[in-house]
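Secondary and tertiary structure notes
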Amino acid sequence: MLRILLLVLQLAFLGLLYLILFGFARSLLRDLRGAERMERASRTGIGRLAVIESPDGEPPVGRDIALGAINSIGRNVNNTIYVEDDFVSANHAMLTFRGRSWFIEDQGSTNGTYVNGHRVERPVALSYGDELTIGRVRMRLER
Amino acid sequence: MRITWRRAELAMLLPLLLLVPLGFVLTHVAEAGKLEPGPLGLALGYLAIMAGAHLVLTLSGHRGDQLLLPVVATIGGVGLVMLNRLPQDLAGTSAFGLQLGMAATQLLWFGVGVVAMLAVAVGFRDDGLLRHYKYTWAALGAALLLATFVFGKEVFGARLWIDLGPVQFQPGEFIKIVLVVFIAGYLAENRALLTGASARIGPISIPPLPYLLPMLAIFVMVMLMVVVLKDLGTALLFFGIFLTMLFVATGRRSYVLIGLILFVAGSFVAYQLFGHVRARVDVWLNPFADPSGAGYQTVHALYAFGRGGLFGEGLGQGLLPSVGGSFPAVQTDFIFAATAEELGLVGAFGLLALALLLVFRGLRIAMLAHDDFSAMLAVGLTTSLGLQTLIIVAGNAKLIPLTGVTFPFVSYGGSSLLASFLVIGLLLSISHRAARVAEPGAP
């Protein structure tokens, strides 16, 4: 009698464990479908610039700038990324996506372009998460 | 503040209300021989801890991964049931005038671990502390390692413990996390250069020298661990984590190839030179040469797997878990063999499937991360948990030589539990940051 009872309890324990696993599997499946939809909706670009600091408010702090393959940054309104700041040159820097990674190149600006606090002297490859400082505007490259 | 309910997390935590008490009752019925619930204090305590964690995450508006906590809680629940089933005098503490048995001590560490996890998950709103001070962290790790070299105490032929008066701890578990933080920071900073130009010798491209040096430094550190600490499992784990992260960062097979060649050469030399390495390998190749001596644990673990069969001997009815003290390390290194005997192949696969789910979620967090450092960190931390599980499970089943690492969230041990929960806390905080950025209009 006890043996049968123990067997039933044991199978109940294992059954419950597998029900939990089944629940996880279902959540994962739902999640994968959701992720696919999200991917289609938002992940069209190759990267974004998140604005961290911007004293004059153009671009405003918190804005996510979607990037194309070639982006010019400067105080001239004809740039793809227009930055309103007294310390930014008219044509300040170029941010380009070549091959598999991002590169930043200073365009002979007066106050220089900085990556993670180091001044850029030649085209420099960037990683996602790197911080760009242009004039007094700080931006972060994100995926 | 608007509270977002973590509905998926709650839904997957609810079945534990049944699972953990059922395990405790089953154990008690098998041991007492009559139908009565028996003491359920520990099971309820465990459920309270997990419910508390869920509540804190919900109330703090955490947007991190919702399946991480339930997966960990399920693995830990099965682990606690097993530890409660083992003889309680195998380990324990007598702290604060209280005499705690093994399962009670483990529950105490679950509490400490969950608090640490929540502190990291909720408190780490910015990764600067990890990312910008990577050399400080590396120095801390090196100091911990050095301390183990000098003050380490040898247990079961490996020097992994540091004795701090009332508490002992295993620095290796924490060095693991620090190592991952350092490698992630290093690779995120130098990724572009690592994937870029390289010299070529014939058909093999050689990575630039400045980036080979840290690789060699870590290899030397790992070999030192093998020689001085005799800690083969942790050494293998560290090297595996490093190679995985390097491959993920660069996508270049040549690095992995060089690493594997170093590994094979190092293993061969270690086998030739050091008795403790040779002993482990010889036991693995033929445990039946000395079944009551060196091969004792491996032989009886294999018998335990066999006795377990498909559905197991039943919780509380296995032989290996019953003998307790006469089978060394059943609560730590051989907890998987003990579980497999009592829950069978089905239960053991269930446990492995849960570990796999954990790895899957960790890698998903890495994929959704918005910067390289977070992604590399998530990959490294996930690898550390997954690889550690793999090493100990394969060691139990005689697929690889047995090396003493713990089964995360299952094995008895405070250091291991605390470190594993810190890893989960970090993963939660990474996924939280990714979710915040993804939300339009977030500050």
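Structural data are supplied above this passage.
Residues numbered from 1 in each chain as written. Chains lettered and ligands numbered in written order. Predicted model: local features only at pLDDT ≥ 70, side-chain atom pairs only at ≥ 80, totals over all residues. Heavy atoms only, no water.

**Considerations on the overall build of chain A**
For chain A, the helix and strand inventory stands at one helix and 11 strands. N-terminal to C-terminal, the α/β element order of chain A is α-β-β-β-β-β-β-β-β-β-β-β. The C-alpha radius of gyration of chain A comes to 25 Å, more than 25% above the 15 Å expected for a compact globule of 143 residues. Along the first, second and third principal axes, the C-alpha set of chain A runs to 90 × 30 × 30 Å. Here chain A holds 143 residues, and 41% of them are scored as buried. Counting only contacts in chain A whose residues sit at least 6 apart along the sequence, the fraction spanning at least 24 positions is 35%. Per element, the accessible surface of chain A, about 7,900 Å² overall, is 55% carbon and sulfur. (Helix = DSSP H or I, 4+ residues; strand = E, 2+ residues; numbered from the N terminus. Rg over C-alpha atoms; globule rule 2.2 N^0.38 Å. Buried < 20%, exposed > 50% of the residue type's maximum accessible area, 1.4 Å probe, protein only. Contact = heavy atoms within 4.5 Å. Areas by Shrake-Rupley, 256 points an atom, 1.4 Å probe, with all protein chains shown as cover.)

**Concerning the interface of chain B and chain A**
Counting residues at the interface gives 49 residues for chain B, matched by 32 residues for chain A. Between chain B and chain A lies a buried interface of about 3,600 Å² when both sides are counted; carbon and sulfur atoms form 68% of it. When residues of chain B are sorted by the area they lose upon contact with chain A, Met12, Leu26 and His370 of chain B head the list and together hold 15% of the total. Notably, a salt bridge pairs Asp31 of chain A with Arg361 of chain B, separated by 3.6 Å at the nearest N-O pair. Counting every contact that joins chain B to chain A gives nine residue pairs in polar contact (both at pLDDT 80 or more). With 14 residues, helix 15 (residues 335-368) of chain B is the largest single contributor of residues to the side of chain B that touches chain A. Looking at the side of chain B that touches chain A residue by residue, the class counts come to 30 nonpolar, 10 polar and nine charged. (Buried area = accessible area lost by both parts, 1.4 Å probe. Salt bridge = Lys/Arg side-chain N within 4 Å of Asp/Glu carboxyl O. Polar contact = N/O pair within 3.5 Å; in protein donor to acceptor, adjacent residues only side chain to side chain. Nonpolar A, V, L, I, M, F, W, Y, C, P; charged D, E, K, R; others polar.)

**Quick look at the pairing of strand 5 (residues 93-98) of chain A**
Regular strands have side chains that alternate between both faces of the sheet. All names here are of chain A. One ladder, built from four bridges, connects strand 3 (residues 70-74) with strand 5; its direction is antiparallel. Along strand 5, the bridge assignment pairs Ser72 with Met94. Strand direction decides the pairing type here: strand 5 and strand 6 (residues 101-106), joined by six bridges, are antiparallel. Its bridge partner lying in strand 6, Met94 is registered against Glu105. If you look at the hairpin formed by strand 5 and strand 6, you'll find two residues sitting between the two strands, and Gly99 has a positive phi there, around 65°. (Pairing = 2+ DSSP bridges.)

**Let's talk about the sheet that holds strand 6 of chain A**
Pairing is mixed in the open sheet, where five strands are placed in the order 4-3-5-6-9 (chain A). Edge positions in the sheet fall to strand 4 (81-82) and strand 9 (124-126) of chain A, since each has one partner strand and no second.

**Quick notes on the environment of Thr244 of chain B**
Among the secondary structure elements, Thr244 of chain B is positioned in helix 10 (residues 232-250). Thr244 of chain B sits 135 residues away from Val379 of chain B along the chain, and the two C-alpha atoms are 8.3 Å apart.

**Some details on helix 10 of chain B**
Residues and elements named next belong to chain B. Along its 19 residues, helix 10 runs 27 Å from first to last C-alpha, staying within 8% of the 27 Å computed at 1.5 Å per residue. Taking burial as the measure, the 19 residues of helix 10 include 15 buried ones, the bulk of the element. Phi turns positive one or two residues past the end of helix 10, at Gly251, with a value near 65°. (Expected span 1.5 Å × (residues − 1).)

**Description of the nonpolar core**
Counting residues in each nonpolar core, the largest one holds 137 residues, and the members touching the most others are Met117, Leu358, Leu377, Phe409, Phe421 and Ile424 of chain B. No other element matches the 14 residues that helix 15 of chain B contributes to this core. Each residue touching Ile424 of chain B, except ones within four places of it in the same chain, is listed here: Leu68, Val72, Met117, Leu358, Leu385 and Phe409 of chain B. Counting 21 residues, the second-largest nonpolar core is a separate cluster that includes Ile73, Trp102, Val115 and Val137 of chain A. (Core = buried A, V, L, I, M, F, W, Y, C linked by side-chain atoms within 4.5 Å.)

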